[in-house]
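# Structural characterization, general
Residue-level listing of the chains:
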Amino acid sequence: KQWVSGFRDYLDFQAKQYDIDERKRISDAAPLSQGTKALMFQKCCSVFNLAMKEGIIRINPTIGIERFKEPESEREFLTIEELRRLQETPPPDETLATAFFFSCLTGLRWSDIVNLTWGEVQESPSGVRIVFRQQKTGGLEYLDINEQAAALLGERAGENEHVFVSLGGQYTARTKIATWVRCAGINKHITFHC
């Protein structure tokens, strides 16, 4: 418990950015941001939680130690007008653009869209429903989608085939979306998650 408390104090009062990112120069000795402190301490606590779960330790030394509060973040978003401008701007990747607009219309996360298969898309006379297990929570979800979102799905393929193929990695998607947003003349930090 003393070690865990000491590690928390180290993160809070002593650790600097260059301690965790060797690319930072010594002269850039900025303290850790609140979000970084919270993330690093949570990872530490997760290790002890796993050790308890697997029977490696009997007492979890992180219990009773105050966690860092996550900072309130102000997320940027696109207005309807900005979405229209984005739609009129040629995207760097058509599949990514389609998946992005699908996400805007449905609220699905990146992880759920990347893993969406045709077996999870159910068509009926009353419309299109997506039945999927959320990647983040593991919960089974039922999502009725409107005609505009359904039109973005494209031509149906095999049950185990992904709906949006060749999306690439999330970092690549982030870079392409940022470029696309700038080309549309939108001065906001927009990611797939926004």
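Conventions used here
Residues numbered from 1 in each chain as written. Predicted model: local features only at pLDDT ≥ 70, side-chain atom pairs only at ≥ 80, totals over all residues. Heavy atoms only, no water. Helix = DSSP H or I, 4+ residues; strand = E, 2+ residues; numbered from the N terminus. Rg over C-alpha atoms; globule rule 2.2 N^0.38 Å. Contact = heavy atoms within 4.5 Å. Areas by Shrake-Rupley, 256 points an atom, 1.4 Å probe, with all protein chains shown as cover. Lys, Arg positive; Asp, Glu negative; His and termini not counted. Charge placed at Lys NZ, Arg CZ, Asp CG, Glu CD. Core = buried A, V, L, I, M, F, W, Y, C linked by side-chain atoms within 4.5 Å. Buried < 20%, exposed > 50% of the residue type's maximum accessible area, 1.4 Å probe, protein only. Axes fitted to C-alpha atoms, helices over the stretch in contact; angles between N-to-C directions. Parallel < 35°, antiparallel > 145°, perpendicular 65-115°, else oblique. Left-handed = near helix turned anticlockwise from the far one by under 90°. Nonpolar A, V, L, I, M, F, W, Y, C, P; charged D, E, K, R; others polar.

A word on the overall build of the protein chain. Counting its secondary structure elements, the protein chain contains eight helices and three strands. Starting at the N terminus and walking to the C terminus, you meet the elements of the protein chain as α-α-α-α-α-α-β-β-β-α-α. Taken over C-alpha atoms, the radius of gyration comes to 22 Å for the protein chain, far larger than the 16 Å a tight globule of 194 residues would show. Over its C-alpha atoms, taken along the principal directions, the protein chain stretches across nearly 60 × 45 × 25 Å. A fraction of 60% describes how many contacts in the protein chain between residues 6 or more apart in sequence connect residues 24 or more apart. About 13000 Å² of surface is accessible on the protein chain, with carbon and sulfur atoms providing 50% of the total. Side chains of the protein chain carry 24 positive and 26 negative charges; the gap between the two charge centres is 8 Å.

Moving on, we come to the nonpolar core. The biggest cluster of nonpolar side chains holds 32 residues, and the ones touching the most others in it are Leu86, Phe100, Phe102, Ile113, Leu153, Phe164 and Phe192. Those elements giving two or more residues to this core turn out to be helix H4 (80-88), helix H5 (94-106), helix H6 (110-114), strand E2 (127-133) and helix H8 (170-183). When residues in this core are grouped by element, the largest group, six residues, is from H5. Among all residues touching Phe192, those that are not within four sequence positions of it are Leu96, Ala99, Phe100, Ser103, Leu108, Arg109, Trp110, Ile113 and Ile177. Counting eleven residues, the second-largest nonpolar core is a separate cluster that includes Val4, Ala38, Cys44 and Phe48.

The subject of this paragraph is the packing of helix H1 (residues 2-14) against helix H3 (residues 34-53). Between H1 and H3, the shortest axis-to-axis distance is 10 Å and the interhelical angle comes to 165°. Between H1 and H3, the angle is such that the two are roughly antiparallel. Here H1 and H3 pass one another in a crossing that is right-handed. Counting all contacts with H1, which are made through Trp3, Val4, Phe7, Arg8, Leu11 and Asp12, the residues of H3 involved are Lys37, Met40, Phe41, Cys44 and Phe48. Here the contact of H1 with H3 is composed, by residue class, of eight nonpolar, no polar and three charged.

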